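# Structure assessment
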Amino acid sequence: MTTTAEPVQGDHRATYREVLAEPRFRLLFTTRTVAITADSLRITTFSVLVFTATGSALFSALAFGISFLPQLFGSLLFGSLADRLPPRALIACGYALECAAAVLLALVRMPIAASLGVVALIALATPLFSGASSRLVARWLEGDAYVLGRSLNNMASSGAQLFGLALGGAAVAVLGAHRALAVSAALYLGCALAVRLWLPRLEPGGSDGTSGSARGDGGAVRASLRGAGLLLRGRTVRRLMLAQWLPSAFVAGAEGLIVAYAGGRHFAPGWYAVLMGCLPVGMLIGDLLVGRLLRPSVRERLVVPLVVLMGLPLIGFAAEPGVGVSCALLLLTGSGFAYGLGLQRPFLDALPRDGQGQAFGLLGSGNMTLQGVGPACFGSVAEGIGTGGAIALAGGAAALTAGWILSWRRAP
């Protein structure tokens, strides 16, 4: 793999207006936002459906995280296709597959295990189209514009999650859980059609137009495994991936317990959605402040303090607070997610130019997989020590990762 020529120099601060002036980015940004709304609607509705059917915190957490778990396997086995296949077809097909899965869950009354299997199977393909989309964004946005593009995606993700929660609650109340899943299928279908109709037809491969299939890499599985090995053997890339994976995985472990926590504390119906909405609201505030007001160098210096801010508030759940305090703690935790903006530029600079699609797919799939493992692990812990204690344990683990990040960021 060829390494990126030079890291981005200087401390120029881009603006969100500059980023949104790129029409191709606007299309990917809009469709991704709609798809995240559909994800939020589907995941939370499915989680509530499973908890209602089983009454189990563990099964509810598994339903919340099952779409995350298989993504790492998909990235390791097929990740090179993100650089080898035409991106427009790949992204459109990804949204179409998500639509098909939501239709199946909405129309076919399956056992819980079979429903979990459908969601897990579709998740195998997620790293391919998400990696292709991220590679295009990195190609079209340069310097701090790329970081602010990621910031916009983060903020849109927070807003879309919040809207998805509200839409899901309303749809379940009016239509029922299965019909609410059909609403998410319609949103996925709209994304697939928009990408197919309006994204320019582009050749696969790097920015020089070289097709991945023409490089003599061999079969997709062999090339994917070799490319993933090269990425993970690089100490800088590996550390930067882990720094983006671990804190969010611990927080996801806590997030997966919110439905069960609200039920165990006998909060009024619907408060689980308010609690879950506090995390994306906090993320929206944190990304807006850090991305818009701070220069790149300052963002990079604040990585460790923001990771601490992610974890410490969750420790307060050990006291099993009421609704008001719980909302405040989750808002603070969400704002700490802005730490990731300080890692975007170093991560992009460390990537090989001709394998960026696979790298972004591996980053996203590793993140999603560990976010799937988190709810499963802490859901098991909650069966023994209660949901409040398990959420506090997850927060302590997230805060401890700040020390590890500090140790290698200070090293020569």
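Residues numbered from 1 in each chain as written. Predicted model: local features only at pLDDT ≥ 70, side-chain atom pairs only at ≥ 80, totals over all residues. Heavy atoms only, no water.

### Topic: the pattern of salt bridges
Here the structure, examined in full by the defined rule, presents five salt bridges. A salt bridge links R24 to E22, with the nearest nitrogen and oxygen atoms 2.8 Å apart. R42 serves as the salt-bridge partner of E98, at 2.8 Å between the closest nitrogen and oxygen. Taken together, the residues span a long stretch of sequence, with E98 in helix α6 (residues 87-107) and R42 in helix α2 (residues 23-54) at a distance of 56 residues. Judged by relative accessible area, E98 falls into the buried class, the value being 9%. By relative accessible area, which is 6% here, R42 ends up buried. (Salt bridge = Lys/Arg side-chain N within 4 Å of Asp/Glu carboxyl O. Helix = DSSP H or I, 4+ residues; strand = E, 2+ residues; numbered from the N terminus. Buried < 20%, exposed > 50% of the residue type's maximum accessible area, 1.4 Å probe, protein only.)

### Some words on the environment of V19
The topology assignment puts V19 in helix α1 (residues 16-20). C-alpha of V19 to C-alpha of D144: the two residues are 125 residues apart in sequence and 9.4 Å apart in space. Contact partners of V19, with chain neighbours within four places excluded, come to F25, L141, A145, L148, G149 and L152. (Contact = heavy atoms within 4.5 Å.)

### Overview of the packing of α6 against helix α7 (residues 112-123)
Two elements in contact, α6 and α7, have axes separated by 10 Å at closest approach and are oriented at 175 degrees. Here α6 lies roughly antiparallel to α7, going by the angle between them. Of the residues in α7, those in contact with L97, E98, A101, L104 and L105 of α6 are S115, V118, V119 and I122. (Axes fitted to C-alpha atoms, helices over the stretch in contact; angles between N-to-C directions. Parallel < 35°, antiparallel > 145°, perpendicular 65-115°, else oblique.)

### Some thoughts on the packing of aromatic side chains
Taken as a whole, this structure holds eight aromatic pairs when the rule is applied. Between F250 and F378, the ring centres sit 6.4 Å apart and the planes meet at 80 degrees, which makes this aromatic pair edge-to-face. Taken as a pair, F250 in helix α12 (residues 235-255) and F378 in helix α19 (residues 356-385) lie far apart in primary sequence, 128 residues in all. On the accessibility criterion, F250 (22% relative accessible area) is partly exposed. Three or more aromatic residues joined by ring pairs make a cluster, and in this case those are Y146, F347 and F360. (Phe/Tyr/Trp six-rings, centres within 6.5 Å; stacked < 30°, edge-to-face > 60°.)

### Focus: the nonpolar core
Membership of the largest hydrophobic core comes to 96 residues, with the highest contact counts inside it found for I91, Y146, L199, L330, F347 and L351. A total of eight residues in this core trace back to one element, the largest contributor, which is helix α9 (residues 144-175). Not counting the four nearest positions on each side in its chain, Y146 is found in contact with V137, A138, L141, Q344, L348 and F360. (Core = buried A, V, L, I, M, F, W, Y, C linked by side-chain atoms within 4.5 Å.)

### Digging into the confidence of the model for the protein chain
Looking at the protein chain, the pLDDT average stands at 84 and 92% of residues meet or exceed 70. Confidence scores differ between elements of the protein chain, with helix α3 (residues 57-65) showing the lowest mean pLDDT of 74 and helix α16 (residues 303-315) the highest of 95. Within the model, pLDDT remains below 50 along residues 1-9, and this stretch shows 24 contacts once partners closer than five positions in the same chain are excluded. Across residues 206-216, where pLDDT falls below 50, the model places 16 contacts with residues more than four positions away in sequence or in other chains. (pLDDT = per-residue confidence, 0-100.)

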